Amino acid sequence: PYPDEFLPLWGELAELAALILRPGAPLIAWSGQFRLRQVLNYLSGPLTYQWTICLDLPGANARFRGPNMIQTWKPIIICTAGQWGPHDWFKDRVTSLGKDQDLYEWQQNPDPAIDLIERYVPAGGLIVDPFLGVGSFGEAALRSGRRFIGCEVDETRYLQSINRLNGLA
C-alpha cells in the first residue's frame, strides 16, 4: 500500500512479522520510493533492517513531482526479527520483465517474487501476503512450490485472487 493513509499499515506489518517469522527468516516487502524513509521507520521498530534490493523496471516512467524524478526502479526491503539466517550470496537486483496489470492497476508481475522466493524461502516454506490484492505473490509462491496464505480487505480483488490462484493450485 503506497498512499500516505496506508503508512501505519507498515507498522502493523512489522509487528505481525516480528511475531510469526522464524528466527533468521526475512520479511521481503515491495515499497515505493517516495515514502521509503517513513516505511523504513515503521519497519525498523520491531524488525532489523538488512538490505534493499533494486527491482529494475525497464520501460517504467512514473513521474514524481517535487523531487522531479522518473522512477525506473522500486525498492524491495529485507528485514528480519533478529539476525538474518545463513543463505547463499546473491546480487541485490532483480528485474521485472514487464507490467502485469491486466486485473488491477497496482498488480505486480510475479516473476521477481519467484526469484526472491527461490533464493530465500526453503522448499515447502510458507509465504504470507497480508496485502493480497489480486494474488501476484500467491501465484509466485504456488509456482515456486511454496505454501501460501493471503489476506485482502477488498472483496472484488479477493475474488479475483481466488479465481487466479485456484487455476494454479
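Since we're looking at a predicted model, the values are computed, not measured.

Basis of the calculations
- Residues numbered from 1 in each chain as written.
- Predicted model: local features only at pLDDT ≥ 70, side-chain atom pairs only at ≥ 80, totals over all residues.
- Heavy atoms only, no water.
- Helix = DSSP H or I, 4+ residues; strand = E, 2+ residues; numbered from the N terminus.
- Rg over C-alpha atoms; globule rule 2.2 N^0.38 Å.
- Buried < 20%, exposed > 50% of the residue type's maximum accessible area, 1.4 Å probe, protein only.
- Areas by Shrake-Rupley, 256 points an atom, 1.4 Å probe, with all protein chains shown as cover.
- Lys, Arg positive; Asp, Glu negative; His and termini not counted.
- Charge placed at Lys NZ, Arg CZ, Asp CG, Glu CD.
- Salt bridge = Lys/Arg side-chain N within 4 Å of Asp/Glu carboxyl O.
- Polar contact = N/O pair within 3.5 Å; in protein donor to acceptor, adjacent residues only side chain to side chain.
- Pairing = 2+ DSSP bridges.
- Right-handed = clockwise from strand over helix to strand, strands pointing away.
- Disulfide = S-S within 2.5 Å.
- Phe/Tyr/Trp six-rings, centres within 6.5 Å; stacked < 30°, edge-to-face > 60°.
- Core = buried A, V, L, I, M, F, W, Y, C linked by side-chain atoms within 4.5 Å.
- Axes fitted to C-alpha atoms, helices over the stretch in contact; angles between N-to-C directions.
- Parallel < 35°, antiparallel > 145°, perpendicular 65-115°, else oblique.
- Left-handed = near helix turned anticlockwise from the far one by under 90°.
- Contact = heavy atoms within 4.5 Å.
- Nonpolar A, V, L, I, M, F, W, Y, C, P; charged D, E, K, R; others polar.

Focus on the overall build of the chain
- For the chain, the helix and strand inventory stands at five helices and eight strands.
- Ordered by position from the N terminus, the helices and strands of the chain form the series α-β-α-β-β-β-β-β-α-β-α-β-α.
- Against the 2.2 N^0.38 benchmark of 15 Å for 169 residues, the chain shows a C-alpha radius of gyration of 16 Å, consistent with a compact globule.
- A principal-axis box enclosing the C-alpha atoms of the chain has dimensions of 45 × 35 × 30 Å.
- Evaluated residue by residue, the chain yields a buried proportion of 40% over its 169 residues.
- Roughly 9900 Å² of accessible area belongs to the chain as shown, and the carbon and sulfur atoms make up 55% of that amount.
- Of the charged side chains in the chain, 15 are positive and 18 negative, and the gap between their average positions amounts to 6 Å.

Some thoughts on the side chain of D129
- By the secondary structure assignment, D129 is in strand 7 (residues 126-129).
- The buried charged residue D129 lacks any salt bridge, with R164 as its nearest oppositely charged partner at 9.1 Å.
- A distance of 2.9 Å separates a polar side-chain atom of D129 from the backbone nitrogen of F131.

A closer look at the pairing of strand 8 (residues 147-150)
- By the bridge criterion, four bridges tie strand 7 to strand 8 in an arrangement that is parallel. Residue pairing in the sheet places V128 in a bridge with I149 of strand 8.
- Viewed along the sheet, the connection from strand 7 through helix 4 (residues 136-143) into strand 8 turns out right-handed.

Concerning the state of the cysteines
- This structure, assessed with the given rule, holds zero disulfides.
- Sulfur of C79: no disulfide; nearest cysteine sulfur belongs to C54 and is 17 Å away.
- Sulfur of C151: no disulfide; nearest cysteine sulfur belongs to C79 and is 20 Å away.

Quick word on the packing of aromatic side chains
- Counted by the stated rule, this structure contains four aromatic pairs.
- Between F34 and F64, the ring centres sit 5.8 Å apart and the planes meet at 15°, which makes this aromatic pair stacked. Placement of F34 in the loop between strand 1 (26-30) and helix 2 (36-43) and of F64 in strand 3 (residues 62-64) is noted, with a sequence separation of 30 residues between them.
- Residue F34 is classed as partly exposed on the basis of its relative accessible area of 43%.
- Given the relative accessible area of 28%, F64 is considered partly exposed.
- For the ring pair W84 and Y120, a centre distance of 5.5 Å and an interplane angle of 40° mean the geometry is tilted. Remark: Y120 occurs in helix 3 (residues 110-120) and W84 occurs in the loop between strand 5 (73-80) and strand 6 (93-95); sequence separation between them is 36 residues.
- We classify W84 as partly exposed; its relative accessible area is 22%.

Examining the pattern of salt bridges
- This model, assessed by the stated rule, comprises six salt bridges.
- With a closest N to O distance of 3.2 Å, R143 and D111 form a salt bridge. In this pair, R143 is assigned in helix 4 and D111 in helix 3, connecting sequence segments 32 residues apart.
- A salt bridge links E152 to R157; its shortest N-O distance comes to 3.5 Å.

What to know about the nonpolar core
- Membership of the largest hydrophobic core comes to 20 residues, with the highest contact counts inside it found for W30, I53, I76 and L116.
- Broken down by element, the residue count for this core peaks at five residues, all from helix 3.

Re the packing of helix 3 against helix 4
- Viewed as axis vectors pointing N to C, helix 3 and helix 4 meet at an angle of 45°, and their least axial separation amounts to 8 Å. Looking at the two axes, helix 3 sits oblique to helix 4. For the element pair helix 3 and helix 4, the recorded crossing hand is right-handed. Here helix 3 contributes P110, D111, A113, I114 and I117 to the contact with helix 4, which in turn contributes S136, F137, E139, A140, A141 and R143.
- Grouping the amino acids of the contact of helix 3 with helix 4 by side-chain chemistry returns seven nonpolar, one polar and three charged.

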